[in-house]
Amino acid sequence: VNELAHRWYPSATVRTSVGWRDNILLSPFAPLERAFGRAELEAMLLRPLHGQWEFLSFLSGDVLRYFSPPRETGGEQQWVLHAEGRWQPVEPVRLALKGAGYFRDMVVDFSETEARREVAPTRVQGGYTTAAVRGRLPGGFTLEPSLQVRRNDYRDFPGDYVETRSGGRIEWERGLRLGVALAAYDTRRDYDTRPNYSASGRALPGTRLSFRLRDGEVRVRTGWMRPGGEWMLAASVGRLENRDGASGYFDYDQDRVRAELGWEGVLWRVSLDAAAKRMEYRIQTVGVGIAPPPRIADDTTGTLRVERLLNRQWTLFAENHWERSRSNEREFSYRLNTVLAGVQREF
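Described below are features of the structure shown in this document.

Here is what the cut-offs are and how they apply
- Residues numbered from 1 in each chain as written.
- Predicted model: local features only at pLDDT ≥ 70, side-chain atom pairs only at ≥ 80, totals over all residues.
- Heavy atoms only, no water.
- Helix = DSSP H or I, 4+ residues; strand = E, 2+ residues; numbered from the N terminus.
- Contact = heavy atoms within 4.5 Å.
- Buried < 20%, exposed > 50% of the residue type's maximum accessible area, 1.4 Å probe, protein only.
- Salt bridge = Lys/Arg side-chain N within 4 Å of Asp/Glu carboxyl O.

## Comments concerning the environment of Leu304
Moving on, step 1. Relative to the assigned elements, Leu304 resides in strand β16 (residues 294-309).
Moving on, step 2. Each C-alpha atom of the pair Leu304 and Gly262 lies 9.9 Å from the other, and the pair is 42 residues apart in sequence.
Moving on, step 3. Not counting residues within four places of it along the chain, the set of residues in contact with Leu304 comprises Val270, Ser271, Leu272, Ala318, Glu319, Asn320 and Trp322.

## Structural notes on the side chain of Thr315
Moving on, step 1. Secondary-structure assignment places Thr315 in strand β17 (residues 314-327).
Moving on, step 2. Looking at Thr315, the relative accessible area reads 4%, which means it is buried.

## Details of the pattern of salt bridges
Moving on, step 1. As enumerated under the stated definition, the model contains 34 salt bridges in all.
Moving on, step 2. Among the salt bridges present, the one from Glu72 reaches Arg71, with a minimum N-O distance of 3.9 Å.
Moving on, step 3. Taking the shortest distance from any N to any O, the salt bridge between Arg282 and Asp253 comes out at 3.8 Å. Pair noted here: Arg282 is in strand β15 (residues 268-285) and Asp253 is in strand β14 (residues 252-264), with a separation of 29 residues, a long-range link.
Moving on, step 4. It is possible to trace a salt-bridge network through shared partners that takes in Arg239, Glu241, Arg243, Asp253, Asp255 and Arg282.

In short, the description is geometric, and any link to function would need to be established separately.
Right, dumping it as C-alpha cells:
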C-alpha cells in the first residue's frame, strides 16, 4: 500500500470533432456562418494522499479552426495549466494552494463592463493563485474559505486588471440524495489604464477605474439510482452587484439561475446545462429624451450533450450549444448556435 501511495498517476483524454457555428463574430445584424474542426486535450497527473500531502496537476487545451476563415479570425483556442498542492494536517481539515496560468484567443463580448458594445477577436493571458482551507464539520457540513489573486492581460484590448477575491462556501450533504451549498464572495478589480466615467458617460482623464463585486449563490443538487441508470439534477440561483466606486456609470445588478440535468447508463450519457441571467444598470440609459429607460440585458445559454460509449477507451459524442443575448439596446443583442460531433479517446 505504501508503494502505491508514492506513485504518480497520469491520465489523458483526447477529443476531435467537426461542427458548424452560425454567428462567429456575435453580430446583431449580419451573422457570419462557418464550419470548423476542433481538437481538445485534457491531461492530469495525480499523486494520492500519502501521510499529509497530495498533489494534482492538469493541462487543458481546446483549439478550433474554421475551414474557410474570415479575415477577422481564423478560429479560437484556450489553454489552461493548473497545479494544486494539498496538506491535511488532521483528518477533518485540508489546506490547498492552487495556481494556474491560461491563454485564450477567441471572440469576446466586453459589453458587460463597457460604455459601448465591444466585440472583437482578442488574446488574453493571465493566471491566479488561490489559498483555501476545507474543514469538515459535524452534521455533514463542510466549510471552505478562500482567497484568490488574479491577473488578466489583454494583448489587443485596454482591459488589463488585477483582481482579489475573498469569501467562502459552506455545504451540507446527505450522500448522493441531497446537497445544499451557499457561497459568498467579495471581489476588488483594479484596471491598469481604464478611466472612470461621469454619470453622463464621459471618460474622466487622469482617473483609474476600479470595480467592487459582491457575489452570492445558493445551489441544490440531488441524485438517484434507477435500474436504467444514474440521474443527477442541480439548480442554483445567484446575485451579483457591481459598483465602480465613482459616478456609478458602470453599476449594475445581476440575477441569475442555472439548471443541470444528467443521466448516465451503461453505454449512454446525456447532459443538459441551461442558464439565464438579467443585468439591470442603475445609471446607464438607452435612447434619448427626457426620461430614457435604463439599460437591461438578458442572456441565456444552454448545452445539450449526448455520448455513446464504444468500449473502455472510445466514445462518440454530439453537442449543441446555443446563446441568446437580448437588450433594450438593439446593437447589444445577438444569437449564436454551435453544433458538433466527434470521437473521444481515453488513455
